[in-house]
Amino acid sequence: MGNLTRRAVLAGAGAALAGTAVSPHLSGAAPAAADPVHTVRPDDPRYPQLVTGNNQRFVAAPEYFRMLRSPADAEQAVRQAVETGKRVSVRSGGHCFADLVCHPEAQVVLDLSGMHGVGYDPAMRAFAVEPGARLLNVYEDLFTGWGVTIPGGMCWSVGAGGHVAGGGYGLLSRAHGLVVDHLHAVEVVVVDRDGRVRTVVATRDPKDPHHDLWWAHTGGGGGNFGVVTRYWFRSPDARGADPAGQLVRPPSTVLVRAVSFPWEDLGEREFTRLLANFGRWHEEHSAPDAPQRKLSSVFNVCHRAHGSLDIFIQVDGDAPDAQRILDDYLGRLTDGTGLTPKTMRKGSGDLAAMPELGEAQRLPWLNAARLVGLNNPTITHPSLRGAHKSALMRRGFTDAQLSTMYRHLTSAEYANPNTMIVLFSYGGRVNSVAPDATAAAQRSSIFKMLFQTFWGDASGDRAGLGWARGIYEEFFADTGGVPVPNDRYEGCYVNYPDTDLKDPARNRSGVPWHDLFYGANHRRLQEVKRRWDPTDYFRHSLSIQPR
């Protein structure tokens, strides 16, 4: 991954951090002349591969891509772009759901995928992760090296850069909180009012003069304040100097089960009871100290054309009552439905077919993480196009919402098998943090919703977008077509960006898009933007504006 060194000097980090040692797994911040920036222009055979990310709906046509290999590369590339008056866009893993990275106005795309180091930094007493590191590689490196992890997401190829900046969430979050709840420091290339480019390290320490920049990266979203070149992770309650004691220790084993509910067994009564049960269980078991916080599930409520609703359930295997928690959960979901869970024999969204998990099995934690993360047949399709809309829910579903879901998921007018509403278990320790302690403001939700559909080429755009907009706006008809924060909803998840929220024809609530993502934290994020990016150099279609 470029020039690997045993020690790296953090450019612009200040005298106190100037000699910070890092693992040999991390790319070194050597002088730019010794670590040249790689440039990809339209005549380069790599260019067509780089112009789009995971969602093929969004395409860039920049003058060039810069394939960054170190913090020094990043600072040099930003400086050159500023000096030549070029507008930049920043990419780590390429999984952005909207046009925040790939858009026609981007003249230079800074690609951080080559910066994928993971290692322990003894001077920081924290684990350093570069922004291009893919999530599964982060989990493998942290766990195999030190027996620790971060409570991040499922999709293996998501880059750490954007995932962390938006808050970061995964199957361990009910037990351990968001990824940013363990963020100790961040290294960022910024541009001041006079166009001066420098690299700054900002930490969790409230006495740090750069503390506000750290705070902005705990849920403020990617591409807003500068170019992140490194994150450091250390849990707030970490003590001592042993690396193994600085971060979350995942369970040694997890109890997992994957089952399906075939549509042939589901009428409207069974469907609505099943989904109502899901909401009630999460209302009752999402407190920060609830024993059931050790359980998390991903429930793909798929269109009838797919053939089934599919759910993956994971419980901390070290919990003495793990089997009871899992059995009680599945029993509560099916209570009063007459449904019998069936073996999950085909892939579903992010989930692969898991016929071996028709009954609960105990697996080593990392094996389970690989099982869920690697074999996502839809997400990895090379011509993927999609539409995504999110909501964070404080309560279960109303009768009207259950009816809306049933009608749209059984419609013959849009019978796309790659269409679903994904329900993610939320709450638990996520909700033990104050809403203003991090930029991630949603700290009282019990589950998260992702309305999504995928298709293969541009001819499906109108129908796909029409389905997503139709169900979403009807589902939240009581608040103007979007989940306006109230006693039932808590807005949207910034890592599922949705530019429709800016459109008054789609968002009829009168509540601006940024309040849906950031709530009361938006004003402070504007202040951080004004201090660290006063010229609005780093911007995109949903970027924070300087106050």
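Residues numbered from 1 in each chain as written. Predicted model: local features only at pLDDT ≥ 70, side-chain atom pairs only at ≥ 80, totals over all residues. Heavy atoms only, no water.

A.B. asks: Which residues make up the packing of aromatic side chains, and what values go with them?
C.D. replies: A full pass over the atoms with the stated rule returns 29 aromatic pairs. Both rings, one in phenylalanine 143 and one in tryptophan 365, keep their centres 5.2 Å apart while their planes meet at 65°; by these two values the pair is edge-to-face. Note that phenylalanine 143 is positioned in helix α3 (residues 135–146) and tryptophan 365 in helix α9 (residues 365–374), a separation of 222 residues in sequence. For tryptophan 365, a relative accessible area of 5% translates into the label buried. Between tryptophan 513 and phenylalanine 517, the aromatic rings sit 6.2 Å apart at their centres with planes inclined by 70°, giving edge-to-face as the arrangement. A residue pair is termed a helical-turn pair when its members lie 3 or 4 positions apart in one helix, as tryptophan 513 and phenylalanine 517 do in helix α12 (residues 513–518) at four residues. For the pair tryptophan 513 and phenylalanine 517, a shared accessibility class is recorded, and that class is buried. Through successive ring pairs, a cluster of aromatic residues spans Phe261, Phe278, Phe299, Phe397, Phe447, Phe451, Tyr472, Phe475, Phe476 and Tyr489. Here the guanidinium or amino end of lysine 448 rests over the ring plane of tyrosine 493, the centre of that ring lying 3.9 Å away. (Phe/Tyr/Trp six-rings, centres within 6.5 Å; stacked < 30°, edge-to-face > 60°. Helix = DSSP H or I, 4+ residues; strand = E, 2+ residues; numbered from the N terminus. Buried < 20%, exposed > 50% of the residue type's maximum accessible area, 1.4 Å probe, protein only. Lys NZ or Arg CZ within 6 Å of the ring centre and 35° of its normal.)

A.B. asks: Go over helix α11 (residues 461–475) with me, naming the residues and quoting the values.
C.D. replies: Across its 15 residues, α11 extends 21 Å between first and last C-alpha, which sits within 8% of the 21 Å expected from 1.5 Å per residue. Of all the positions in α11, only Asp461, Gly464, Leu465, Trp467, Ala468, Ile471, Tyr472, Glu473 and Phe475 are classed as buried. Tucked into the core, α11 has its buried residues touching β15 (385–393), α10 (399–409), β16 (419–425) and β17 (447–455). (Expected span 1.5 Å × (residues − 1). Contact = heavy atoms within 4.5 Å.)

A.B. asks: Can you tell me about helix α2 (residues 71–83), naming the residues and giving the values?
C.D. replies: In a regular helix each residue adds 1.5 Å, so 13 residues correspond to 18 Å; α2 covers 18 Å between its end C-alpha atoms and thus fits that length. Of the residues making up α2, those classed as buried are Pro71, Ala72, Asp73, Ala74, Glu75, Ala77, Val78 and Ala81. Of the surrounding secondary structure, the elements contacted by the buried residues of α2 are β2 (64–67), β3 (88–91), β4 (108–111), β7 (183–191), β8 (197–203) and β9 (227–233). Count one or two residues on from α2 and you reach glycine 85, which has phi positive near 70°.

A.B. asks: Describe the environment of proline 417, and please don't skip the residues or the numbers.
C.D. replies: Mapping proline 417 onto the fold places it in the loop between α10 and β16. Proline 417 gets classed as partly exposed once you look at its relative accessible area, which sits at 35%. For the pair proline 417 and glycine 307, spaced 110 residues apart in sequence, the C-alpha to C-alpha distance is 7.7 Å. Discounting chain neighbours no more than four positions away, the residues touching proline 417 are Ala305 and His306.

A.B. asks: Break down the state of the cysteines for me, with residues and values.
C.D. replies: In total, this model carries zero disulfides according to the counting rule given. Cysteine cysteine 102 is unpaired, with the sulfur of cysteine 96 as its nearest cysteine sulfur at 8.1 Å. With no disulfide of its own, cysteine 155 has cysteine 96 as its nearest cysteine by sulfur position, at a separation of 13 Å. Judged by its relative accessible area of 10%, cysteine 155 falls in the buried class. (Disulfide = S-S within 2.5 Å.)

A.B. asks: Account for the sheet that holds strand β1 (residues 38–40), naming residues and giving values.
C.D. replies: Note on sheets: strands pair through backbone hydrogen bonds, and any given pair is parallel or antiparallel. Within the open sheet, the four strands sit side by side as β1-β2-β4-β3. Their pairing is mixed. Whereas interior strands pair on both sides, the edge strands pair on one side only; in this sheet they are β1 and β3. Looking at each pair of strands side by side, their axes are set apart by 25° on average, direction ignored. Inspection of the sheet shows β1 paired to β2 by three bridges, in the antiparallel sense. Looking at the pairing, valine 40 lines up with phenylalanine 65 of β2. Against the sheet, α2 makes contact with β2, β3 and β4, and its axis sits at roughly 155° relative to β2, the strand it touches most. (Pairing = 2+ DSSP bridges. Axes fitted to C-alpha atoms, helices over the stretch in contact; angles between N-to-C directions.)

A.B. asks: Any details on the sheet that holds strand β6 (residues 126–129)? Residues and values, ideally.
C.D. replies: Within the open sheet, the five strands sit side by side as β5-β6-β9-β7-β8. Their pairing is antiparallel. In this open sheet, the two strands that pair with only one neighbour each are β5 (118–121) and β8. Strand-to-strand, the axes of this sheet are offset by a mean angle of 25°, without reference to chain direction. The pairing of β7 with β8 spans seven bridges and is antiparallel. If you follow glutamate 187 over to β8, its bridge partner there is valine 201.

A.B. asks: Could you give me a rundown of the pattern of salt bridges, with the residues and numbers involved?
C.D. replies: Taken as a whole and assessed by the stated rule, the structure comprises 30 salt bridges. Note that glutamate 140 is salt-bridged to arginine 370, the shortest N-O span being 2.8 Å. Placement of glutamate 140 in helix α3 and of arginine 370 in helix α9 is noted, with a sequence separation of 230 residues between them. Residue classification places glutamate 140 among the buried residues on the basis of a relative accessible area of 18%. For arginine 506, the salt bridge goes to glutamate 473, with nearest N and O atoms at 2.5 Å. Within this pair, whereas arginine 506 is found in the loop between α11 and α12, its partner glutamate 473 is found in helix α11, the two being separated by 33 residues in sequence. (Salt bridge = Lys/Arg side-chain N within 4 Å of Asp/Glu carboxyl O.)

Distances and angles like these do not, on their own, reveal function.
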